[in-house]
Amino acid sequence: MARQRWASRRVFLLAAVGSAVGLGNVWRFPYLVGKYGGGAFLVPYLLGLILIGVPLLMLEFALGQKMQRGVVATFGQIQPRLAGFGVFALSSAFLIVSYYAVVMAWSLVYLFNAPWLPWRDDPETYFVQDVLQRSDAIANVGWPNGILLAALIAIWILIYLCVWRGTTSVGNIVSWTVPLPLLLLGILFVRAITLPGFLTGWQLYLTPQWEILFQPEVWSAAFSQVFFTLSVGFGIMIAYGSYQEPDSDIAKNAWLTALINSGISLFSGFVVFGILGYMAENQNQPIAELAKAAGPGLAFVVFPEALSLLPGASILSALFFIMLLTLGIDSAFSLVEAINAGFSDHRPGWPIEKISLGVCCAGAIAGIIYTTRSGIYFLDIMDHFVTNYSLMLAGLVQVLLVGWLAGAETMRRFINQVSDWRVGGWWILSIKYFVPIVLLSLLLVQLRSDLSSQYGDYPIWSLRIGWLAVSSSLIWGLGYAIFFPAWRKKRGSSK
Ligand code: TRP
């Protein structure tokens, strides 16, 4: 069967940018900047982007284009048992999308309520008590919340409608869902710079605190943000690359995707901090505190509050949540696409509609836990463990396999054959030495901090769920590596 293809280079770029640009750009990035010393954070972030992000993105595009397979079969072509690492990557991707969709479900609930602005008086209480109905301790799980569950199902139906026909349906969708949120962000930007106090916000955003660069934690945060924001590590970009013709450009596409993505992050920082500056002035609160209270709260507490203070509040709020939804959806379905590619490489005869349906149903079911009263606690734990361990580990494995087994030089030659822009020897050094050393150090720094203190002061049993999630993905991968080659041989010989 012929492999699916993107309709054009433009569609491919839109899909890759759509996957990269997501919730990570609008609240995660600005919040990290605020938390870790304003402008100084940009130094490790940009270094990480150029030294790790771009080389890895090129690597994933190149692997996909060369092998014409998703992540599992790609690793399997290097060595059959290595396919297990692909299974590890995809099951981690599944864990991410199962909670990512829940954050989108919150946005949907807000969108429906925008005409009434029920959060106007007390956004924090609204978020915690009305939307989440959060319990006071993680142990009081309770039942799923009906409204959130309905919103979650709606989100999964939307995701399904995007991916059900593979590159064809994705190609149609991204022409809308990638430019639209940028337009909305532009509108919010204009709103921000017409507010009193926006410059105070920009000052916090841009003033560097150089001392903070001596903390390893800052570097770790900056580099994992690079991974998260470029969607590299879990084989998403491998799957997207595999729907390209093998001789399509790689280097320029990777640079373009990375630069557009990070440009949007920087730009949304101006919007976020501009509005924060206005809020600080309006409520006479120190802006640094508002910025610190960020995290998941930034999008769902600080923003709704800020927007509800403005003229045209309902419309601006609706625009904001439409922006979050359209930003999130192409990142969410890119994760689903990567999983779909894994299944359809495994069983080329299975119709893509059925595979998509199965993955989407499984994702919706896995998300139910996050709609319970303890949902946000579980979401926080899962996010912490999966991004800090699984993502870093998956990236580490990828560079080691390519750098030391598949041959970094072969890969560089392949990239240079097809690309307009040449890739120098620096790429090899980065893939073979620099990236593995940095990732390994980050993993160790994180491990030390998690072993010496309890993340978020959650009880031990709940943190074990996080460890369990990471190790269960590893076990899936290991099982696949052990049993699959034998099973395939048996099947092959009985034919
Ligand atoms: N890049 C997306 C964002 O910034 C999220 C995302 C999509 C992602 N695919 C991923 C994160 C794969 C990690 C791994 O919101």
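Above this text you will find the structure in question.
Nothing here was measured: the structure is a model prediction, and the numbers come from that model. (Residues numbered from 1 in each chain as written. Predicted model: local features only at pLDDT ≥ 70, side-chain atom pairs only at ≥ 80, totals over all residues. Heavy atoms only, no water.)

Asks: Let's hear about the overall build of the protein: which residues, and what values?
Replies: Across its full length, the protein holds 20 helices and 0 strands. Computed over its C-alpha atoms, the radius of gyration of the protein comes to 22 Å, within 12% of the 23 Å expected for a compact globule of 495 residues. When the backbone C-alpha atoms are referred to their principal axes, the protein occupies close to 70 × 50 × 50 Å. Counting only carbon and sulfur atoms, one obtains 66% of the accessible surface of the protein, whose full area is about 19800 Å². Seen as two clouds, the 29 positive and the 24 negative side-chain charges of the protein have centres 16 Å apart. (Helix = DSSP H or I, 4+ residues; strand = E, 2+ residues; numbered from the N terminus. Rg over C-alpha atoms; globule rule 2.2 N^0.38 Å. Areas by Shrake-Rupley, 256 points an atom, 1.4 Å probe, with all protein chains shown as cover. Lys, Arg positive; Asp, Glu negative; His and termini not counted. Charge placed at Lys NZ, Arg CZ, Asp CG, Glu CD.)

Asks: Outline helix α9 (residues 179–193), supporting the account with residue identities and numerical values.
Replies: Given a rise of 1.5 Å per residue, 15 residues ought to cover 21 Å, and the 21 Å separating the end C-alpha atoms of α9 matches this to within 8%. Within α9 the residues assigned to the buried category are P181, L184, L185, L188, F189 and A192. Seen end-on, α9 carries its buried residues on one side only, within an arc spanning 150°. (Expected span 1.5 Å × (residues − 1). Buried < 20%, exposed > 50% of the residue type's maximum accessible area, 1.4 Å probe, protein only. Arc of directions from axis to C-beta.)

Asks: Now, about the site of the ligand: what can you tell me, with residues and values included?
Replies: Contacts to the ligand come from 17 residues, most closely from A20, G24, Y100, F228 and S231. For the ligand, an oxygen atom lies 2.9 Å from a polar atom in the backbone of G24. Bound to the protein, the ligand loses 100% of the 360 Å² it would expose on its own. Broken down by secondary-structure element, the contributors of at least two residues to the shell around the ligand are α1 (9–20), α2 (23–35), α5 (83–113), α11 (216–230) and α16 (313–346). (Near = heavy atom within 4 Å. Polar contact = N/O pair within 3.5 Å; in protein donor to acceptor, adjacent residues only side chain to side chain.)

Asks: Pulling in residues and values, what's your account of the packing of aromatic side chains?
Replies: Inspection of the entire model under this criterion finds 32 aromatic pairs. Plain terms: the ring middles of F189 and W202 are 6.1 Å apart, the flat faces sit at 20° to each other, and that makes the pair stacked. Linking F189 in helix α9 with W202 in helix α10 (residues 198–206), this pair joins segments that are 13 residues apart in sequence. Residue classification places W202 among the buried residues on the basis of a relative accessible area of 17%. (Phe/Tyr/Trp six-rings, centres within 6.5 Å; stacked < 30°, edge-to-face > 60°.)

Asks: Break down the side chain of Q68 for me, with residues and values.
Replies: Among the structural elements, Q68 can be located in the loop between α3 (42–67) and α4 (71–78). Under the relative-accessibility criterion, Q68 is labelled buried at 12%. Within the structure, Q68 has its side chain in polar contact with the backbone oxygen of Q65 (distance 2.9 Å). Discounting chain neighbours no more than four positions away, the residues touching Q68 are R3, R5, L63, S242, Q244, E245 and P246. (Contact = heavy atoms within 4.5 Å.)

Asks: Quick rundown of the packing of helix α7 (residues 146–163) against helix α8 (residues 167–177)? Include the residues and the values.
Replies: α8 packs onto α7 with a crossing angle of 110° between their chain directions and a minimal axis gap of 6 Å. In terms of axis orientation, α7 runs roughly perpendicular to α8. Here L161, C162 and V163 of α7 come into contact with α8, specifically with S169, V170 and I173. Partitioning the contact of α7 with α8 into residue classes produces 5 nonpolar, 1 polar and no charged. (Axes fitted to C-alpha atoms, helices over the stretch in contact; angles between N-to-C directions. Parallel < 35°, antiparallel > 145°, perpendicular 65-115°, else oblique. Nonpolar A, V, L, I, M, F, W, Y, C, P; charged D, E, K, R; others polar.)

Asks: So, unusual backbone geometry: which residues are in play, and what are the values?
Replies: Despite not being glycine, Q68 shows a phi value in the positive range, around 60°. Positive phi values are uncommon outside glycine, yet L117 reaches one of about 50°. Along the chain, the position of L117 falls in the loop between α5 and α6 (123–131). Since its relative accessible area comes to 3%, L117 is described here as buried.

Asks: So what's going on with the nonpolar core? Residues and values would help.
Replies: For soluble globular proteins, nonpolar side chains are generally found buried alongside one another. Of all hydrophobic cores here, the largest spans 183 residues; its most connected members are F41, W106 and I159. Considering each element in turn, this core owes the most residues, 22 residues, to helix α18 (residues 375–418). Apart from residues no more than four positions distant in its own chain, F41 is found in contact with F29, L32, V33, Y36, V218, A221 and A222. (Core = buried A, V, L, I, M, F, W, Y, C linked by side-chain atoms within 4.5 Å.)

Asks: Talk me through α8; I want residue IDs and the actual numbers.
Replies: Quick reminder: α-helices carry 3.6 residues per turn. Residues three or four places apart thus point the same way. Of the positions making up α8, those classed as buried are T167, S169, V170, G171, V174 and T177. Elements that come into contact with the buried residues of α8 comprise α1, α7, α9 and α16.

Asks: Any details on the pattern of salt bridges? Residues and values, ideally.
Replies: Counted according to the given criterion, the structure contains 4 salt bridges. Where K252 meets D420, a salt bridge forms, and the shortest distance between an N and an O atom there is 3.0 Å. Separated by 168 residues along the polypeptide, K252 in helix α13 (residues 251–283) and D420 in the loop between α18 and α19 (426–452) bring together distant segments of the chain. Residue classification places K252 among the partly exposed positions, given a relative accessible area of 21%. (Salt bridge = Lys/Arg side-chain N within 4 Å of Asp/Glu carboxyl O.)

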